[in-house]
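Observations on the three-dimensional arrangement
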Amino acid sequence: MKSLAGGEAHQLPLVGSQPLQQIDRSLWDILEAERRRQQHTVELIASENYASRAVLDAQGSLLSNKQAQGYPGQRIYGGCDQADQAEELAIERARQLFDCRHANVQAHSGSQANLAVYLALLSPGDTILALDQRAGGHVSHGSVVNVSGRWFQTRAYGVDRSTQWVDMDEVRRQARSERPRLIIAGGSAYSRTPDFVGFRAIADEVGAYFMADMAHSAGLVAAGAIESPVSQAHVTTLSTHGTLRGPRGGMILCNDARLAGKFDVAVYPGLQGGPLVNMLAAKAVAFGEALRPSFAVYAQAVMDNARVLCRRLAEGGLTVVSGGTDCHFGVVDLRPWGLDGPLVEQALMQVGISLSKHAVPYDDGDGSYSGIRVGSAACTSRGLSEDDFKEIGDMILALLGGVRSGTRSARTETAIREGVAGLNRRFPLPY
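Predicted model only: the values in this text are computed from it and were never measured. (Residues numbered from 1 in each chain as written. Predicted model: local features only at pLDDT ≥ 70, side-chain atom pairs only at ≥ 80, totals over all residues. Heavy atoms only, no water.)

A short note on a nonpolar patch on the surface
- On the surface, Leu-20, Ile-23, Leu-27, Ile-30 and Leu-31 cluster together to form a nonpolar patch covering roughly 440 Å² of accessible area.
- With three residues, helix H2 (residues 25-39) is the largest single contributor of residues to the nonpolar patch.
- Tracing the sequence through the fold places Leu-20 in helix H1 (residues 20-23).
- By relative accessible area, which is 30% here, Leu-20 ends up partly exposed. (Patch = residues over 30% accessible without salt bridge, like charges linked within 9 Å, V, L, I, M, F, W, Y side chains within 5 Å. Areas by Shrake-Rupley, 256 points an atom, 1.4 Å probe, with all protein chains shown as cover. Salt bridge = Lys/Arg side-chain N within 4 Å of Asp/Glu carboxyl O. Helix = DSSP H or I, 4+ residues; strand = E, 2+ residues; numbered from the N terminus. Buried < 20%, exposed > 50% of the residue type's maximum accessible area, 1.4 Å probe, protein only.)

Here you go:
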């Protein structure tokens, strides 16, 4: 057979139909190793959770093939009918879930959502007032290592030395002194519910915008388990994974139509190109799941389990920052035991317990991580109860007791591994 040019015809390489297991064994083996790790680990990382099979299916769907730059009804590409429907479904469910007038579901992450808010409301050099990172604030709230800290002036409020709760009188004093353009409540490791009414009053007093970042607590807010900031804040940002149990992504919520347009333009074309249509679909699935009555039961169990775990660790002699938690995680100060976060994180990972090192308030040492953060959302998704979290607390205390004294026992560590294996056998992942 000859081609039109007179040469031999060659068959073009068509899009592959072989599954990953056959086409790329190297990556398949990596994914299988990760599946085994998740199956055999007690997961206490506060920002992690297990998405449902339906959410994972949507992420891996053929919507991945679609380019849909723009917003529903205003795309710059053709063939976007289904992309529009997926995004509109996600928006409709998000508005219902969080009782708000406007939702932008295109942000690729919570940090991207935060940056879009800054782009919409601030000018370079404006001042942001946010929670100090060591007290639980997030890197995207003005840290010097983040673009938010390079473009804007950042002033931090902290927590009371004795209670380790946010001191609203200090927030007011700083706001009056610094006259910020934006005040932020929320963060990544502050386990108490912010005073949203108080923050809004302070923002109004000094002529600032008030942003609530509920990246960690979004699922608990959606379920009505904790107070929502949406009615008080000019804008609320969040992550769609974590307690919301969706795909990794972000979202912006507000009730002001004038601001809504600013946020949409900041996301696209301000920061991002085309949205990840498959992730929009996965967000819609997760929001639909969160609208079910069973999700409220889950969210309450998450909070109950976190409180039980923090209480057990405190009873065993560890210091829980702020005395406990109102949400799904707690921060533990390891300094009284002469330990640090990286050491403890590594030691616990060796016996199958995964958590994250973290900073603690008023750490005057030269280390960045003098504590750990423990969360309950992932293990609660697997079905663990309060008694199981007490058992996890006992495992942590047993291991750290040996690390603290320098007398780690092989028998103790073997018993902990067996306990971890027992929990994972009783509560297997569905995939």
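So, the pairing of strand S5 (residues 182-185)
- Residue alternation in S5 divides its side chains into two sets, Leu-182 and Ile-184 and Ile-183 and Ala-185, and both sets are buried.
- Note that strand S3 (residues 127-131) and S5 share two bridges and pair parallel. Directly across from Ile-128, in S5, lies its bridge partner Leu-182.
- The sheet contact formed by S5 and strand S6 (residues 209-213) spans four bridges and is parallel. In the sheet register, Ile-183 faces S6, and the bridge partner there is Phe-210.
- Of the crossover connections in this fold, the one passing from S5 over helix H8 (residues 196-206) to the parallel S6 is right-handed. (Pairing = 2+ DSSP bridges. Right-handed = clockwise from strand over helix to strand, strands pointing away.)

With respect to the sheet that holds S5
- The seven strands are arranged S2-S8-S7-S6-S5-S3-S4 in an open sheet whose pairing can be described as mixed. Because the sheet does not close on itself, it has two edges, and the strands there are strand S2 (102-104) and strand S4 (153-157). Direction aside, neighbouring strands of the sheet carry axes that sit 20 degrees apart on average. (Axes fitted to C-alpha atoms, helices over the stretch in contact; angles between N-to-C directions.)

Digging into the side chain of Asp-84
- Inspection of the secondary structure assignment puts Asp-84 in helix H4 (residues 81-98).
- Here Asp-84 is in contact with Tyr-71, Pro-72, Gly-73 and Arg-75, once residues within four sequence places are set aside. (Contact = heavy atoms within 4.5 Å.)

Considering helix H10 (residues 257-271)
- In a regular helix each residue adds 1.5 Å, so 15 residues correspond to 21 Å; H10 covers 20 Å between its end C-alpha atoms and thus fits that length.
- Within the sequence span of H10, burial applies to Leu-259, Ala-260, Phe-263, Asp-264, Ala-266, Val-267 and Tyr-268.
- For H10, the elements touching its buried residues are S2, helix H5 (110-121), S6, strand S7 (235-239) and strand S8 (250-254).
- Its side-chain oxygen 2.8 Å from the backbone nitrogen of Arg-258, Asp-256 forms the N-cap of H10. (Expected span 1.5 Å × (residues − 1). Polar contact = N/O pair within 3.5 Å; in protein donor to acceptor, adjacent residues only side chain to side chain.)

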